[in-house]
Amino acid sequence: MATSEDAVKAAWKVLDAEPDYATDLTQRLVRVPTVNPKFIQDAAQNREPAAQDVVEAELKAIGMSVDRWDVFKDRPNVIGQIAGDEKNSLLLCGHIDVVPIGDRSTWTVDPFGGEIKNGRLYGRGAVDMKSGVAAAIGAIRAIRKAGIELKGRVAMHSVVDEETGGFGAIDAVKKGYLAEAAIITEPSWGEIQVCEGGLEWIRITITGRQGHSAWRYNEIWPQRDEPARLRPAVNAIDIATRFLDAVRNFESSRCRNRQHPLLPPGMNTINVGVIRAGAGLGPDGLPLIMTNPAIIPDVAVIDLDYKFLPSQTKEEIRTEFESFVHHFCQQDLWLQQNPIKVQWELGGLHFPPMNTSPDHPLAQALFRRRSQLGGTPKMAGFIAVADCAHYAGAGVDAMICGATGDGFHGTDEYVDIASLEETTKTLAAAIIDWCGVR
Ligand SMILES: [Zn+2]
């Protein structure tokens, strides 16, 4: 093969001859329900191994060497590789798990039927992201079928458990399955998404002093400090409301004063997600009694979803938040003695930021090829978080490029078939551009 241009033409010729490959593969994958068992336990829906069987067979059929292992019991990752140089090596990654369908009656199609109508393929996982897995495999397959030998090593990661924290990708990273660059084929609506903010889940534990509600007056109105005076209680919920007010101000100050050029201003939010308060701290870190308002509660537990900008580090934001909490506590005599506790990585959740330059040659290749195919791509950031974070955290230059669709995590999920075909072609060309040909 003379040049990269010739190779791209040859790969596109294969894809033009078999335009339905990625759509068919998406359909076959959608028909195997792979609801993440951390949401719902149901053998009929928790079929990640069966879907990975389909993926594994495709990877083997195109001559990739395959590694497969269980991340959790009966929840396997599958990785296919074609040997090559470490320089300009590339990994493509998609997740095989999906979120539950929700209320079945709100769907107008079979959620696991893979029905095709009006240029759309419907079903849970159609766009998030079995079509992404299919597009990546379709791209590598076209390169192989065209007889192209790539210089850089190429890998395909089909991972489990993205929807509840990315523990499939984390495990692949732990096993050393890395490359110089990565494309995560999550839906990107024509965009090339080179950055995303980091995300932490934080548990806040506020400690008060338990008491009888009838004696609340003793807590809030100063009584003479005589020997007969009962020891006043300290209401942890009252402290929590003041704390949340302060968090809201802190959030708005962070959002106003720090921005990233590729993300909407204000995306570095602090979402107050879960609050539990009551009497007594249980061994699980939660209040023991949450049913009796006659008790002045001594425990309030608040879980936060804490986003930060692609340009910030985990260390930086942890120091900053802990210092905020410390200064809040310094304003109160009780909290000086009983400071608020901060627990990081609640549920093991931590997404490092991704901050790849839009000038990265792989991002540029994706942009150029997508334009060449008639698209009007945009360099952008991703608002939420995806598996790319875990590769980025390990030093891989990661980015997101995928298809168009809607209804993900909702109802009547679909992928736009034309965008799936375009994505497959874009990926095939960008893989050739980045890895180089022999
Ligand atoms: Zn996804």
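Description of the structure in this document. This structure is a prediction, so every number in the text was calculated from the model and none was measured. (Residues numbered from 1 in each chain as written. Predicted model: local features only at pLDDT ≥ 70, side-chain atom pairs only at ≥ 80, totals over all residues. Heavy atoms only, no water.)

1. Quick look at the overall build of the chain
Piece 1. Summing up its helical and strand segments, the chain has 12 helices and 21 strands in all.
Piece 2. Seen through its C-alpha atoms, the chain measures out along the principal axes to roughly 95 × 45 × 35 Å.
Piece 3. Put simply, the chain has 438 residues, and 56% of those count as buried.
Piece 4. The long-range share in the chain, meaning contacts at least 24 apart out of those at least 6 apart in sequence, stands at 79%.
Piece 5. Across the chain, the mean location of the 45 positive side-chain charges is 1 Å away from that of the 57 negative side-chain charges. (Helix = DSSP H or I, 4+ residues; strand = E, 2+ residues; numbered from the N terminus. Buried < 20%, exposed > 50% of the residue type's maximum accessible area, 1.4 Å probe, protein only. Contact = heavy atoms within 4.5 Å. Lys, Arg positive; Asp, Glu negative; His and termini not counted. Charge placed at Lys NZ, Arg CZ, Asp CG, Glu CD.)

2. Re the nonpolar core
Piece 1. With 88 residues, the main nonpolar core has Leu92, Tyr391 and Ile431 as its most contacted residues.
Piece 2. With near-sequence residues (within four places) excluded, Ile431 lies in contact with Leu90, Leu92, Ala139, Ile140, Ile143, Leu150, Val154 and Gly436.
Piece 3. In this structure, Ala236, Ala246, Cys329 and Trp334 belong to the second largest nonpolar core, which totals 28 residues. (Core = buried A, V, L, I, M, F, W, Y, C linked by side-chain atoms within 4.5 Å.)

3. Description of the environment of Lys174
Piece 1. Among the structural elements, Lys174 can be located in helix α5 (residues 167-174).
Piece 2. Sequence separation of Lys174 and Asp387 is 213 residues, and the distance between their C-alpha atoms is 13 Å.

4. Considering the pattern of salt bridges
Piece 1. One pass over the full model with this rule turns up 30 salt bridges.
Piece 2. Salt-bridge contacts for Arg124 lead to Glu413; the nearest nitrogen and oxygen are separated by 2.7 Å. One end of the pair, Arg124, is in the loop between β5 (120-122) and α4 (126-145); the other, Glu413, is in the loop between β20 (405-406) and β21 (414-416), and 289 residues separate them in sequence. Pair check on accessibility: Arg124 and Glu413 agree, each one buried. (Salt bridge = Lys/Arg side-chain N within 4 Å of Asp/Glu carboxyl O.)

5. Examining a nonpolar patch on the surface
Piece 1. A contiguous nonpolar surface patch, about 550 Å² in accessible area, is contributed by Trp215, Tyr217, Ile220, Trp221 and Leu230.
Piece 2. Secondary-structure assignment places Trp221 in the loop between α6 (216-220) and α7 (236-257). (Patch = residues over 30% accessible without salt bridge, like charges linked within 9 Å, V, L, I, M, F, W, Y side chains within 5 Å. Areas by Shrake-Rupley, 256 points an atom, 1.4 Å probe, with all protein chains shown as cover.)

6. What to know about the pairing of strand β7 (residues 181-184)
Piece 1. Burial along β7 is two-sided: the residues Ala181 and Ile183 and Ala182 and Ile184 are all buried.
Piece 2. Direction of pairing for strand β3 (residues 85-95) relative to β7: parallel, over a ladder of 4 bridges. Paired with Cys93 across the bridge in β7 is Ile184.
Piece 3. Bridge analysis of β7 against strand β19 (residues 397-400) gives 4 bridges, and the strand direction is parallel. The residue of β19 that forms the bridge with Ile183 is Met399. (Pairing = 2+ DSSP bridges.)

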